[in-house]
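Fold and geometry: a report
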Amino acid sequence: MALSYDSLNENVKKCQYAVRGELYLRASELQKEGKKIIFTNVGNPHALGQKPLTFPRQVVALCQAPFLLDDPNVGMLFPADAIARAKHYLSLTSGGLGAYSDSRGLPGVRKEVAEFIERRDGYPSDPELIFLTDGASKGVMQILNCVIRGDGDGILVPVPQYPLYSATISLLGGSLVPYYLDESENWGLDVDNLRQSVAQARSQGITVKAMVIINPGNPTGQCLSEANLREILKFCYNEKLVLLGDEVYQQNIYQDERPFISSKKVLMDMGSPFSKEVQLVSFHTVSKGYWGECGQRGGYFEMTNIPPRVVEEIYKVASIALSPNVSAQIFMGLMVSPPKPGDISYDQFARESKGILESLRRRARIMTDGFNSCKNVVCNFTEGAMYSFPQIRLPPGAIQAAKQAGKVPDVFYCLKLLEATGISTVPGSGFGQKEGVFHLRTTILPAEEEMPEIMDSFKKFNDEFMTQYDNNFGYSRM
Ligand code: DCS
């Protein structure tokens, strides 16, 4: 049978991914027509002007062009520690960057990841339980693929969530079991609410198998407290759920009250029986943090308390794709073992990374304050990650107008915003939100010097929009 829309896998048709959805497509069209578009729909820092960190690019450049290492002038172009690191990584490969690696990644890099986790958490980590992946996305897909047997298997997913989860669950034919984050509690996670979600799913005959947390949150930007993580892990223990800890934003923290704390550390701190029994898979990436190397596609996952036979099966499935990107594995190695104090490149590396993080911290503040100064907009502070997720309280007139235009209300608002200002955002409905409440997501990534102008242009649009549709009663709200 020929491939036609009708004969497509139904799961492919059902699958939705709003980050590159209707708004993105319209923005791309407008860009082709010559309009200036500010792409704040994707957490893609380099696309918005962030410069790559120098040291990792030097190392990978040398690995990509090993003949430079034989050039007598190499020391004039590259610092000695970059040259040494390039030789180190090349020695870990079996034939340089052009050769496949083991399907779990290079053993030497997995060891560096394990050492990083040990330093971060204060507990041992086993390189045999770490798999390198092409970005965190591929890792999440590999694990969900192993978990989901069919629509009788449910995965607890936060709402709002990053649509990698909803899309992959649809693609694999599983069931998404939503649990709602509490916007009025800075997007906190209430365990009673989790219990209700599980009970409801079970009453529909669904076997709940895993729970996803995104910490720091996307799109919601909250950092989970240690107490909250402990409750979650206890819940997973009682309910026998695998916890999938998406920790890709662990370096992106913009306040001091709630530093990042990994699920693995909290689990190990809890001691037996939890530390010996709760199953955990944690994900990380080179796309985020102050690296923002999204295009390199590097990531890893670490498994805790997963039985060896299951690890073997996950390895078998990873083997079908032969090998994760080898240059991305080297980026991951560099991310987990950056230059140390005393190294030639340390000062520059520290200056560059600190500069990026401090600017992101200021941008998080400018955006939250900017949104909160707008009519009918309320926004929690971005404690971490890369996004601002303001609630837009739409007047009934706007909801009516959206209906007439055949659009979901927040899509209608975001399209109008795009047409008026060139700011390309993602409507809250792409991440899930409570019925009758509307949001949009924007990244905090535009260049700091452009931020005031962007926020002014947003405010002007929003306040005009609200005046246009305002009839002074019955706003959508929490
Ligand atoms: N997990 C979360 C929570 C993410 O936000 C992303 C990317 C990923 C995993 C996957 O990243 P990599 O595959 O690149 O490692 N975030 C997308 C987003 O919301 N905007 O940009 C990309």
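Anything mentioned here points back to the structure above.
Attention here is on the structure that accompanies the text. If you're wondering where the values come from, they're calculated on a predicted model, not measured in any experiment.

1. What to know about the sheet that holds strand β7 (residues 280–285)
- Pairing in this open sheet of seven strands is mixed, and the strands run β2-β8-β7-β6-β5-β3-β4 from one edge to the other. Both outer strands of the open sheet, β2 (130–133) and β4 (175–180), are each paired with one neighbouring strand and no more. Shown here is a sheet whose adjacent strand axes are inclined to one another by a mean of 20 degrees, direction ignored.
- Sheet topology note: the strand β3 (residues 153–159)/β4 ladder contains six bridges and is parallel. Each bridged residue has a counterpart across the sheet, and for Ile155 the counterpart in β4 is Leu176.
- Across the sheet, helix α7 (residues 135–147) lies against β2, β3, β5 (207–214), β6 (242–246), β7 and β8 (299–304), angled at about 160 degrees from β7, the strand it touches most.
- Contacting β5, β6, β7 and β8, helix α11 (residues 263–270) crosses the sheet at an angle of about 15 degrees to β8.

2. Side note on the site of the ligand
- Residues in close proximity to the ligand total 17 residues, the closest being Ser137, Asp246, Tyr249, Thr285 and Ser287.
- Ala136 is positioned such that a nitrogen or oxygen atom in its backbone is 2.7 Å from an oxygen atom of the ligand.
- The side chain of Arg441 places a nitrogen or oxygen atom 2.8 Å from an oxygen atom of the ligand.
- Of all the elements, α7 adds the most residues to the shell around the ligand, at three residues.
- In the shell around the ligand, the residues fall into seven nonpolar, six polar and four charged.

Definitions and limits used
- Residues numbered from 1 in each chain as written.
- Predicted model: local features only at pLDDT ≥ 70, side-chain atom pairs only at ≥ 80, totals over all residues.
- Heavy atoms only, no water.
- Pairing = 2+ DSSP bridges.
- Helix = DSSP H or I, 4+ residues; strand = E, 2+ residues; numbered from the N terminus.
- Axes fitted to C-alpha atoms, helices over the stretch in contact; angles between N-to-C directions.
- Contact = heavy atoms within 4.5 Å.
- Near = heavy atom within 4 Å.
- Polar contact = N/O pair within 3.5 Å; in protein donor to acceptor, adjacent residues only side chain to side chain.
- Nonpolar A, V, L, I, M, F, W, Y, C, P; charged D, E, K, R; others polar.

The values are spatial; any link to function lies outside them.
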